[in-house]
Amino acid sequence: LTLQAWNVYGVLNFLQALVEKSTINQILEREKEGLEQFTATDGYDYNGGSNVLKVLGYFSMVGLLRVHCLLGDYHTGLKCLLPIDISQQGVYTSVIGSHISTIYHYGFANLMLRRYVYPCRCFAFSASIL
Amino acid sequence: MASFDHDDTALNSAAPPPSSQQGQDALGYDPNFVPDSVKSFVVHLYRHIREKNVYEIHQMYETSFQTLSERLFKDTPWPSVDAVAHYVDNDHVFCLLYREMWFRHLYARLSPTLKQRIDSWDNYCSLFQVVLHGVVNMQLPNQWLWDMVDEFVYQFQSFCQYRAKMKNKTEQEIALLKQFDQVHNLFRCLALELYLVSISVILNYFSFRCLGLELYLVSISVMLNYFRFRCLGLDLYLVSISVMCNYLFDQFELYLVSISVMFNYLEQCELKN
C-alpha cells in the first residue's frame, strides 16, 4: 500500500470500503422502516457498541462525493450521496463542517450537471437551518 | 487551506530525509521532549477514550488540543508518537489516532515534506484497516470522525497539487516520487478492490436485495458499453467498477461474468499506457 501513497484508487478504495463494511446503506434503509435508530442518536451507540465504523462509513459517502467532484465525475458522486436524505436534518448536519461540505458539493455537482432546481431547494433549506 | 508556496523551506528542513522527525532541527524542536501539559493531555484523553466518555473526548479534542497547539506548537509539530506512547500503554489504536491528529496539525500549520505525506498515508491505511477489521470498540465524537474523512480527502487533494508542482524539487525527491507513484499498478489495486467489494457483495446478496429487478433487466451490453466508454475515456476504471458493482449487487453470476470482462478491459488499458 505504501507504494501507492495517495493514489486516487487507493483513496477511493478506502472510502468505498468504509461505506460498504459499515453497511451504512442498510442501516439507513432499516431506519426508514423504524427497525433501527441512527439519526435519532446522532450515530452514537448507547448499547455499548462502537460508533466509529458506522459514522466513518456515513461520512465517507460525503468523502466519496467530494473526491468524485475533484475528478469531475459528478454523476457518480451524487450517486454515492443517495442514501443520505438531504432534504431533512440528519447526522450530516450534526457537524457544521460536514453540513457545509455536503451541501456545497451536492450543489456544485448538480450545477455542473445543469440541474438548477435541486440545489436551489437544498441551499434554501440549509440556509434556514444554519 | 495550507499554502504550497513554501515547498523549498520544507525541503530544506528535510535535508536528511530518514531522520527528519528524529533529532533536533534548526528551529530547536526536539520531537522527543514531552511537556507536562501534553503528558496530562494524552493521559486524560486516553482515559476518556477507554471509558467511552464522548462528551469529555469532544471537549479535549475541540478545546484542549487547539489551546495547546496555540500555546506550545504554533510553528513546530507536536511531540512524536514514540515519545508519548509509553504514557498510554503503547496502545496501538490510540497511537494511530494521535498520529492522525499530529499530521493534521502539521498540515494546518507547517508545510509537510514528501516523507511526511507518505507517512500520513501509511497512518491512514493502518487506521482504516483497524476500523475495517472491526476491532475498534471505542466511541468517538462525530466531529472527530468527520474531520478524519475530511482531512483524508484534503490530504489527497494536497498531494496531487504537490506532485504537480515540479519546480523546487530536487533530483532525490523526484526519484522518490517515481518510486512511490505506481499509478498503473493495476492488479494490486484491483485485487484489493475486488476483495473489498466481494465481502460486501456477499453480505448484500444474502441479507438485502438492494436493487429491484428492473436493474437486472438492464442489458449486459449496455453496461459493458458504459464500462468501455469509461475505461477508454479517463482511465477511471475504478469508478466504473464501483458503478458496475452497484448495478450488479443482486446478481452474483452476472457479477462474476463481469469480472472477467473487466480484466480484459483493464489489460487493454494497461497495454495502451
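Structure shown above.
This section reports on the structure supplied with the text. Because the structure is a prediction, the values reported are computed rather than measured.

## Re the overall build of chain B
Here is step 1: When helices and strands are counted, chain B shows 13 helices and zero strands.
Here is step 2: The secondary structure elements of chain B, listed N-terminal to C-terminal, are α-α-α-α-α-α-α-α-α-α-α-α-α.
Here is step 3: Out of the 273 residues belonging to chain B, those deemed buried represent 49%.
Here is step 4: Accessible surface, chain B: about 13600 Å² in total, of which carbon and sulfur atoms supply 57%.

## Side note on the nonpolar core
Nonpolar side chains in soluble globular proteins tend to be buried together.
Here is step 1: Counting residues in each nonpolar core, the largest one holds 94 residues, and the members touching the most others are W6 and Y58 of chain A together with W144 of chain B.
Here is step 2: Discounting residues that sit within four places of it in the chain, W6 of chain A has contacts with V11 of chain A together with Y107, R117, S120, W121, Y124, F152, Q155, F156 and F159 of chain B.

## Brief notes about a nonpolar patch on the surface
Here is step 1: On the surface, a nonpolar cluster with roughly 430 Å² of combined accessible area is contributed by I96, I100, Y104 and L130 of chain A.
Here is step 2: Residue placement: Y104 of chain A occurs in helix α5 (residues 96–112).

## Regarding helix α6 (residues 114–132) of chain B
All names here are of chain B.
Here is step 1: The first and last C-alpha atoms of α6 sit 27 Å apart over 19 residues, in line with the 27 Å expected at 1.5 Å per residue.
Here is step 2: Of all 19 residues that make up α6, 15 are buried, and the element is covered over most of its length.
Here is step 3: A positive phi of about 70° marks G134, the residue just after α6.

## Remarks on the pattern of salt bridges
All names here are of chain B.
Here is step 1: One pass over the structure, following the stated rule, counts 12 salt bridges over all chains.
Here is step 2: As a salt-bridge pair, K39 and D36 come within 3.6 Å of each other at their nearest N and O atoms. On the criterion of helical spacing, the pair formed by K39 and D36 is a turn pair, its members being three residues apart in helix α2 (residues 36–50).
Here is step 3: Overall, D36 belongs to the exposed group, its relative accessible area being 59%.
Here is step 4: Between R50 and D89 there is a salt bridge, with the nearest N and O atoms lying 3.9 Å from each other. Here R50, found in helix α2, pairs with D89, found in the loop between α4 (81–85) and α5 (92–109); they are 39 residues apart in sequence, far enough to count as distant. D89 matches R50 in its accessibility class, with the two residues each being exposed.
Here is step 5: Among the charged side chains, a salt-bridge network with shared partners connects E70, K74 and R109.

## Notes on the packing of helix α2 (residues 24–32) of chain A against helix α3 (residues 52–71) of chain A
Residue and element names in this part refer to chain A.
Here is step 1: In contact at an axis separation of 9 Å, α2 and α3 are set at 95° when each is read in the N-to-C sense. The angle between the axes of α2 and α3 places the two elements in the roughly perpendicular class. Every residue of α3 that contacts α2 at I24, N25, I27 and L28 is listed here: K54, G57, Y58 and M61.
Here is step 2: Residues belonging to the contact of α2 with α3 are distributed by class as follows: five nonpolar, two polar and one charged.

## Description of the environment of I86 of chain A
All names here are of chain A.
Here is step 1: Position of I86 among the secondary structure elements: in the loop between α4 (74–81) and α5.
Here is step 2: Given a relative accessible area of 9%, I86 falls into the buried group.
Here is step 3: With 16 residues separating them in the primary sequence, I86 and T102 have C-alpha atoms 8.6 Å apart.
Here is step 4: Dropping the residues within four chain positions of it, I86 is found in contact with L81, Y92, T102, Y106, C122 and F125.

## A look at the environment of H58 of chain B
All names here are of chain B.
Here is step 1: Summarising the element assignment, H58 is placed in helix α3 (residues 54–72).
Here is step 2: Between the alpha carbons of H58 and Q143 there is a distance of 7.8 Å; along the sequence they are 85 residues apart.
Here is step 3: Not counting residues up to four positions away in its chain, the partners in contact with H58 are T63, P141 and Q143.

## Re the side chain of K54 of chain A
Residue and element names in this part refer to chain A.
Here is step 1: Looking at where K54 falls in the secondary structure, it is placed in helix α3.
Here is step 2: Overall, K54 belongs to the buried group, its relative accessible area being 16%.
Here is step 3: In this structure K54 touches S22, I24, I27, F38, G43 and D45, once residues within four positions along its chain are discounted.

## Quick word on unusual backbone geometry
Residue and element names in this part refer to chain A.
Here is step 1: The backbone phi angle of T23 is positive, close to 50°, even though this residue is not glycine.
Here is step 2: Assignment of secondary structure puts T23 in the loop between α1 (8–21) and α2.
Here is step 3: Under the relative-accessibility criterion, T23 is labelled partly exposed at 26%.
Here is step 4: A positive phi is found at D42, a non-glycine position, where the angle reads about 55°.
Here is step 5: Given the relative accessible area of 31%, D42 is considered partly exposed.

Rules used in this analysis
Residues numbered from 1 in each chain as written. Chains lettered and ligands numbered in written order. Predicted model: local features only at pLDDT ≥ 70, side-chain atom pairs only at ≥ 80, totals over all residues. Heavy atoms only, no water. Helix = DSSP H or I, 4+ residues; strand = E, 2+ residues; numbered from the N terminus. Buried < 20%, exposed > 50% of the residue type's maximum accessible area, 1.4 Å probe, protein only. Areas by Shrake-Rupley, 256 points an atom, 1.4 Å probe, with all protein chains shown as cover. Core = buried A, V, L, I, M, F, W, Y, C linked by side-chain atoms within 4.5 Å. Contact = heavy atoms within 4.5 Å. Patch = residues over 30% accessible without salt bridge, like charges linked within 9 Å, V, L, I, M, F, W, Y side chains within 5 Å. Salt bridge = Lys/Arg side-chain N within 4 Å of Asp/Glu carboxyl O. Expected span 1.5 Å × (residues − 1). Axes fitted to C-alpha atoms, helices over the stretch in contact; angles between N-to-C directions. Parallel < 35°, antiparallel > 145°, perpendicular 65-115°, else oblique. Nonpolar A, V, L, I, M, F, W, Y, C, P; charged D, E, K, R; others polar.

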